[in-house]
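# Observations on chain architecture
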Amino acid sequence: MQTPWSDLAVADAHTHFFSRRFFDALGSETGQDAAAVAATLGWELPPEDPTGLAARWVAELDAQGVARAALISSIPGDEASVLAAAAAFPDRFYAYAMVNPLREGAKVERGLNAICLFPAMHLYSVQDARVEPLLEQAAAQHCAVFVHCGVLTVGVRKKLGLPCRFDMRFSNPLDLHAVAQRHAGVRFIVPHFGAGYFREALMLADLCPNVYLDTSSSNSWMRYEGLNLTTVFRRALEVAGPRRLLFGSDSSFFPRGWIDAVFQEETRALLELGVTVDDARLILGGNLARVLERA
């Protein structure tokens with residue numbers, strides 16, 4: 001990783017942790033074992049012990065010059081994998097876990113830095129009463145809440161021939177407005193600048209100071225609005241300010257590893273806008289540490 005801000009510590013707010021349990025879950029849907037799933041995808045099969053995958057990520061982040069990363073367990077019920085990774089390398093990882101509030105026994109596990117809600121994937125509104133207990137637990141545990149909005153595609157499912165039964169009715173960031181106001185002490189993270197609901201994500205951030213935008217992915221949604229990344233960053237900075245943007249890459253699997261191209265594209269946009277060193281320090285890592293602090 002090369003950056004004109006080479007002295008700045010970079011923390012990635014959006015990295016998927018595809019554990020062995022994740023591969024096993026896909027295998028249960030396809031009728032294959034985990035090794036066959038990995039072979040079909042062309043991905044490395046992680047070890048059964050999640051700390052082995054965590055060590056693989058540490059080596060990758062070291063090679064790329066990345067200080068820390070938020071690891072997202074990407075199936076409900078896999079909290080243990082990211083918690084084990086964060087416990088093994090507490091100075092390198094934050095633990096995020098996908099939680100489905102419609103599942104019996106859904107809760108915020110102790111030690112998580114954030115829970116991840118995917119309303120369109122699991123077919124519920126973020127205003128559903130069944131979400132409320134999770135938000136109350138998150139508030140009590142000083143845990144952030146990541147809410148995926150906008151376009152949702154899962155390439156791994158398509159490659160394996162699995163259905164993607166998502167419902168965009170539950171994807172609008174404005175659904176979070178009343179929720180974020182009611183839970184003013186909870187820090188909400190909307191990834192991918194709203195993933196196609198950019199205007200709505202900006203409106204939400206403007207009205208709710210406890211909402212943060214993560215910049216991750218290729219941001220291919222920009223084609224819906226005829227935008228480029230520099231314009232997206234300019235408008236986000238104008239509305240949310242530099243203290244509420246969280247750099248993310250949306251990295252996920254090996255052997256691809258950490259996606260430096262996303263970092264390069266985003267830092268070029270920030271440089272083009274003349275972002276100061278102090279503001280770059282916030283966006284590239286400082287904000288994430290503050291959002292996830294326990295106090």
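How each quantity is defined
- Once a new chain begins, its residue numbering starts again from 1 and follows that chain's sequence as written.
- Whole-chain, interface and lining totals are the exception, using all residues; otherwise, since this is a predicted model, local features are given only for residues with pLDDT of at least 70 and side-chain atom pairs are given and counted only at 80 or more.
- Processing note: side-chain calculations cover all non-hydrogen atoms of the structure and skip hydrogens and water entirely.
- Of the grid points, spaced at 1 Å and generated over the protein atoms alone, those admitting a 1.4 Å probe that cannot get out make up cavities, while open sets with protein on both sides within 12 Å along at least five of seven lines make up pockets; any residue with an atom within 4 Å of a point is treated as lining.
- Grid points are joined across faces, edges and corners, and a volume is the space filled by probe spheres set on the points.
- Side-chain classes are defined by residue name, with Ala, Val, Leu, Ile, Met, Phe, Trp, Tyr, Cys and Pro counting as nonpolar, Asp, Glu, Lys and Arg as charged, and the others, Gly among them, as polar.
- A fitted line through C-alpha atoms represents every axis, and for helices the fit uses only the stretch in contact; the resulting angles, taken between N-to-C directions, go from 0 to 180 degrees.
- Secondary structure is summarised from DSSP: a helix means a run of H or I of at least four residues, a strand means a run of E of at least two, and numbering begins at the N terminus for each.
- Working definition: roughly parallel below 35 degrees, roughly antiparallel above 145 degrees, roughly perpendicular at 65 to 115 degrees, and oblique for all remaining angles.
- For a crossing to be left-handed, the near helix must be turned anticlockwise from the far one by less than a right angle; the clockwise case is right-handed.
- Residue contacts are defined here by distance: any two heavy atoms, one from each residue, within 4.5 Å place the two residues in contact.
- Think of it in three bands: with a 1.4 Å probe and only protein chains considered, a residue is buried below 20% of the maximum accessible area for its type, exposed above 50%, and partly exposed in between.
- What makes two strands pair is DSSP finding at least two bridges between them.
- Handedness of a crossover is defined as follows: orient the strands so they point away from the viewer, and if the path from the first strand over the helix to the second runs clockwise, the crossover is right-handed.

## Side note on empty space enclosed by the protein
Scanning the entire structure with this criterion turns up one cavity of 30 Å³ or more. In this structure, the largest cavity encloses a volume near 40 Å³. Lining the largest cavity, in full, are Pro119, Val126, Val147, His148, Cys149, Phe170, Ser171, Asn172, Asp175 and Leu176. Within the lining of the largest cavity, the residues separate by chemical class into six nonpolar, three polar and one charged.

## Here's the deal with the packing of helix α3 (residues 50-64) against helix α4 (residues 79-88)
Between two packed helices, the angle of one axis relative to the other and the distance separating the axes together describe the packing. One can describe the packing of α3 onto α4 by two numbers: an axis separation of 8 Å at closest approach and a directional angle of 55°. The pairing of α3 with α4 is recorded here as oblique in orientation. In this structure, α3 meets α4 at a crossing whose hand is right-handed. Together, Pro50, Thr51 and Ala54 of α3 and Ser81, Ala84, Ala85 and Ala88 of α4 make up the contact between the two elements. Here the residues of the contact of α3 with α4 sort into five nonpolar, two polar and no charged.

## Overview of the pairing of strand β3 (residues 93-98)
Within β3, six of the six residues are buried, which leaves the element mostly enclosed by the surrounding structure. The two faces of β3 match: Phe93, Ala95 and Ala97 on one face and Tyr94, Tyr96 and Met98 on the other face are all buried. Bridge count between strand β2 (residues 68-73) and β3: five bridges; the pairing is parallel. Counted as the bridge partner of alanine 70 is tyrosine 94 from β3. Assessed by its sense of winding, the connection that carries the chain from β2 through α4 to β3 is right-handed. Here β3 pairs with strand β4 (residues 114-117) via three bridges, running parallel. If you follow tyrosine 96 over to β4, its bridge partner there is alanine 114.

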